[in-house]
Amino acid sequence: MLIKVTGILEFAPENKTRKHDSQASWKRVAMIIVPDELTSYYSWFVKKRYSLELNKPIRGTHLTIINDSEREAPMFEDAKKLYDGKEVSFYIDPATRTNGEHWWLRAYCPEGEEIREACGLRRDPYFPLHMTIGYANEKVLPHSQYIHECIQFFEENLPRIPFAEHEIYSNKPESKDRIFETMAEMTQQYNKNYR
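Treat the numbers as computed from the prediction; the structure is a model and nothing was measured. (Residues numbered from 1 in each chain as written. Predicted model: local features only at pLDDT ≥ 70, side-chain atom pairs only at ≥ 80, totals over all residues. Heavy atoms only, no water.)

Caption draft 1: A look at the overall build of the protein chain. Secondary structure assignment for the protein chain yields 6 helices and 7 strands. Each helix (α) and strand (β) of the protein chain, taken in turn from the N terminus, gives the series β-α-β-α-β-α-β-β-α-β-α-β-α. Buried positions account for 39% of the 195 residues belonging to the protein chain. Across the protein chain, the fraction of contacts at a sequence separation of at least 24, relative to all contacts at a separation of at least 6, is 78%. With an accessible surface of roughly 11,800 Å², the protein chain has 51% of that area assigned to carbon and sulfur atoms. (Helix = DSSP H or I, 4+ residues; strand = E, 2+ residues; numbered from the N terminus. Buried < 20%, exposed > 50% of the residue type's maximum accessible area, 1.4 Å probe, protein only. Contact = heavy atoms within 4.5 Å. Areas by Shrake-Rupley, 256 points an atom, 1.4 Å probe, with all protein chains shown as cover.)

Caption draft 2: Fine view of the pattern of salt bridges. Summed over the entire model, instances satisfying the criterion amount to 6 salt bridges. With its nearest N and O atoms 3.1 Å apart, the salt bridge here joins K47 to E53. We classify K47 as partly exposed; its relative accessible area is 42%. According to the relative accessible area criterion, E53 is partly exposed, its value standing at 47%. R97 serves as the salt-bridge partner of D93, at 3.9 Å between the closest nitrogen and oxygen. (Salt bridge = Lys/Arg side-chain N within 4 Å of Asp/Glu carboxyl O.)

Caption draft 3: Representation of unusual backbone geometry. Of note in the backbone geometry, A12 takes a positive phi value of approximately 50° without being a glycine. Along the chain, the position of A12 falls in the loop between β1 (2–11) and α1 (18–23). Here S51, not a glycine, exhibits a phi torsion of approximately 55°, which is positive. With respect to the element layout, S51 can be found in the loop between α2 (38–50) and β3 (62–69).

Caption draft 4: Broad picture of helix α5 (residues 141–154). If you check α5, its first and last C-alpha atoms are 20 Å apart, about what 14 residues at 1.5 Å a residue would give, namely 20 Å. Those residues of α5 lying buried are S144, I147, H148 and I151. One side of α5 holds all its buried residues, which, seen down the axis, span an arc of 100°. Facing away from the buried side of α5 by more than 90 degrees, the exposed set consists of P142, Y146, E149, F153 and F154. On its buried side, α5 packs onto α2, β4 (87–98) and β5 (102–108). (Expected span 1.5 Å × (residues − 1). Arc of directions from axis to C-beta.)

Caption draft 5: Examining the packing of aromatic side chains more closely. Taken as a whole, this structure holds 9 aromatic pairs when the rule is applied. Between Y50 and W103 the ring centres are 5.6 Å apart and the planes differ by 45°, which places this aromatic pair in the tilted class. Of this pair, Y50 sits in helix α2 while W103 sits in strand β5, and the two are 53 residues apart along the sequence. Put simply, the rings of Y41, Y42, W44 and F45 touch in pairs and so form one group of aromatic residues. Taking the ring centre of Y108 as reference, the NZ or CZ of R160 above it sits at 4.5 Å. (Phe/Tyr/Trp six-rings, centres within 6.5 Å; stacked < 30°, edge-to-face > 60°. Lys NZ or Arg CZ within 6 Å of the ring centre and 35° of its normal.)

Caption draft 6: Highlighting α2. Under the 1.5 Å per step criterion, the end-to-end length of α2 is 18 Å for 13 residues, consistent within 8% with the ideal 18 Å. Where the residues of α2 are buried, they touch β1, β4, β5, β6 (130–135) and α5. In the stretch just after α2, S51 is the one whose phi turns positive, near 55°.

Caption draft 7: Region of interest: the side chain of S144. Here S144 lies in helix α5. Ignoring anything within four residues of it in the chain, the contact list for S144 reads L52, T98, G100, E101, W103 and A136.

Caption draft 8: Highlighting the pairing of β3. Burial runs high along β3: 6 of the 8 residues are buried. Examined bridge by bridge, strand β2 (residues 27–33) and β3 share 7 bridges and lie antiparallel to one another. Counted as the bridge partner of I32 is L63 from β3. (Pairing = 2+ DSSP bridges.)

Honestly, it's all geometry; don't read function into it.
And the structure:
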């Protein structure tokens, strides 16, 4: 099951960290900015299930589709003229993932893959597409790593399922009542599949 999410594609977003500032001269970045609190919603699930408070992503809810060096993306500026500010949809798998420090959701973005190609990049980035929901700071890192070990021991770490094999839910239901019905359905489906 995947959930359809829609956001606005932003090429060369504002640098928000020293790391981004130091890489700005040679790195090209494009991300889909989502104007809702999906990351907070999934962080809340992590807190409820594992008693783990995560730090939020600095840029809020987003999906990075390009994070590559300038020499690997020779047509970045041309693609920016075509796609910057465009509404783009992507799809998230609601099962949370972790490496012990970072927590994320798997993501699929066929349109983002086409945009990567327009920039002269491979369709699939080195690190598969994902939506970060948070990270464990030094205070809670040991607890987060312990949870990761338990997940690896007790739960299967299922491989990525091809995009075409998923059922799709949208984050733009017809009414507010439908939002709550959809969230309840997704929670029931998640519990059925992952617990």
